[in-house]
Amino acid sequence: MPSLFRRKSTDLVDEAVTSVTPEETADRPRGYTPAKGRETPKRPTAGRRPAGPSRPLTKEEERERRRQLRAEAASEFRREGGPRDRGPERLLARNVVDSRRTVGTWFFGGALIVLVGSNAAMPAPVRLISNVLWGALALGVVVDSVLICRKISKLVRQRFPKSDQRMGSLYLYAVMRSITFRRMRAPAPQVKLGEKV
C-alpha cells in the first residue's frame with residue numbers, strides 16, 4: 001500500500017525539466033525567480049542592530065532622551081574637544097596657554113567695567129579712568145598674545161621640527177584660548193597653573 005502514495009523518482013525528474021511555454025513567461029513579472037522547493041532561511045539575529053522601542057515615545061520621554069543625548073555630547077566635547085583640537089601641536093599650544101595666567105581672561109570683565117564707566121552720565125574722572133583701563137587691557141592682551149606666540153613657536157620648532165602645521169592658525173588658536181575663562185575652555189585644561197610645559 002505505501003507504494004501507491006510514493007512518487008517515482010522519474011516523475012520528479014520530469015517535473016524539474018518540464019518546458020515553459022512563452023505564454024507562461026509573458027505572465028510572469030520581470031524579476032521573477034522560480035521557487036526552490038524549500039523555505040528561504042531567516043537571517044541570523046546576532047550582530048544586527050537592536051530593534052527600536054516597541055511603542056512610540058511620549059513627548060516627555062522624547063524630550064528627556066534628547067536632553068540626555070545633548071548632555072553626553074557636551075561632556076564628550078568638554079573632555080576631548082572637536083576636530084580643530086586634534087594634533088600634538090594643538091595640544092602643546094593648549095598646554096602653554098593653560099600653564100600661565102593670561103591677561104585675556106580678565107579682558108571681558110574689564111570690558112564690562114569700561115562699558116559702564118564710559119557712560120555719558122558718569123563723572124569725567126570715572127570716564128577717564130575707564131578709558132585708561134580699556135587701553136591698558138588692550139595693550140596687555142596684545143603683549144601677552146605676542147609672548148604666548150613666541151613661546152609656542154619656539155617649542156613647536158624644538159619638539160616638532162617636521163611639523164606641517166600652519167603657525168598662523170596655531171597662534172590664533174592659542175590667542176582665542178587665552179581670552180577664554182579657564183573653566184570654560186574646551187578641551188578642559190590638562191596642566192596646572194605654573195606647571196612647566
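Residues numbered from 1 in each chain as written. Predicted model: local features only at pLDDT ≥ 70, side-chain atom pairs only at ≥ 80, totals over all residues. Heavy atoms only, no water.

Asker: Please provide a residue-by-residue account of a positive patch on the surface, values included.
Answerer: On the surface, a cluster of positive charge is contributed by Lys-151, Lys-154, Arg-159 and Lys-196. As for its placement among the helices and strands, Lys-154 is situated in helix H7 (residues 124-159). Owing to a relative accessible area of 53%, Lys-154 belongs among the exposed residues under this scheme. (Patch = residues over 30% accessible without salt bridge, like charges linked within 9 Å, V, L, I, M, F, W, Y side chains within 5 Å. Areas by Shrake-Rupley, 256 points an atom, 1.4 Å probe, with all protein chains shown as cover. Salt bridge = Lys/Arg side-chain N within 4 Å of Asp/Glu carboxyl O. Lys, Arg positive; Asp, Glu negative; His and termini not counted. Charge placed at Lys NZ, Arg CZ, Asp CG, Glu CD. Helix = DSSP H or I, 4+ residues; strand = E, 2+ residues; numbered from the N terminus. Buried < 20%, exposed > 50% of the residue type's maximum accessible area, 1.4 Å probe, protein only.)

Asker: Provide a residue-level description of the pattern of salt bridges, including the pertinent values.
Answerer: Opposite charge on two side chains permits pairing when their charged atoms draw close. Evaluation of the coordinates by the stated rule reveals six salt bridges. With a closest N to O distance of 2.6 Å, Glu-64 and Arg-67 form a salt bridge. Of this pair, Glu-64 and Arg-67 both sit in helix H4 (residues 59-80), three residues apart, roughly one helical turn. Look at Glu-64 and you get partly exposed, because its relative accessible area is 39%. A salt bridge links Arg-177 to Asp-98, with the shortest nitrogen-to-oxygen separation between them at 2.9 Å. Here the residue Arg-177 occupies a position in helix H8 (residues 167-178), and Asp-98 occupies one in helix H5 (residues 88-98), the gap between them amounting to 79 residues. Put simply, Glu-62, Arg-65 and Arg-66 are held in one network by salt bridges that share partners.

Asker: Let's hear about H4: which residues, and what values?
Answerer: One full turn of an α-helix is made of 3.6 residues, so residues set three or four places apart face in the same direction. The end-to-end C-alpha distance of H4, which contains 22 residues, comes to 31 Å, matching closely the 32 Å that a straight helix rising 1.5 Å per residue would cover. Just downstream of H4, Gly-81 is the residue with a positive phi angle, here 80°. (Expected span 1.5 Å × (residues − 1).)

Asker: So what about H7? Which residues, and what values?
Answerer: Between its first and last C-alpha atoms H7 spans 52 Å; for 36 residues at 1.5 Å apiece the expected length is 52 Å, and the two agree. The secondary structure elements touched by the buried residues of H7 are H5, helix H6 (107-117) and H8. (Contact = heavy atoms within 4.5 Å.)

Asker: Tell me about a nonpolar patch on the surface, residues and numbers included.
Answerer: Judged by side-chain polarity, Leu-112, Leu-115, Val-116, Met-122 and Val-126 come together as a nonpolar surface patch covering roughly 440 Å² of accessible area. At three residues, H6 tops the list of elements feeding residues into the nonpolar patch. Residue Leu-112 is classed as exposed on the basis of its relative accessible area, which comes to 53%.

Asker: Tell me about the packing of aromatic side chains, residues and numbers included.
Answerer: Applying the stated rule across the entire model yields two aromatic pairs. A centroid spacing of 5.6 Å and a plane angle of 40° characterise the contact between Phe-107 and Trp-134, whose relative ring orientation is tilted. Pair noted here: Phe-107 is in helix H6 and Trp-134 is in helix H7, with a separation of 27 residues, a long-range link. Its relative accessible area of 18% is what places Phe-107 among the buried residues. One aromatic cluster is present, formed by Phe-107, Phe-108 and Trp-134 through successive ring pairs. The ring of Tyr-173 carries the charged tip of Arg-90 above its face, separated from the ring centre by 4.7 Å. (Phe/Tyr/Trp six-rings, centres within 6.5 Å; stacked < 30°, edge-to-face > 60°. Lys NZ or Arg CZ within 6 Å of the ring centre and 35° of its normal.)

By themselves, these are just geometric observations and shouldn't be taken as functional.
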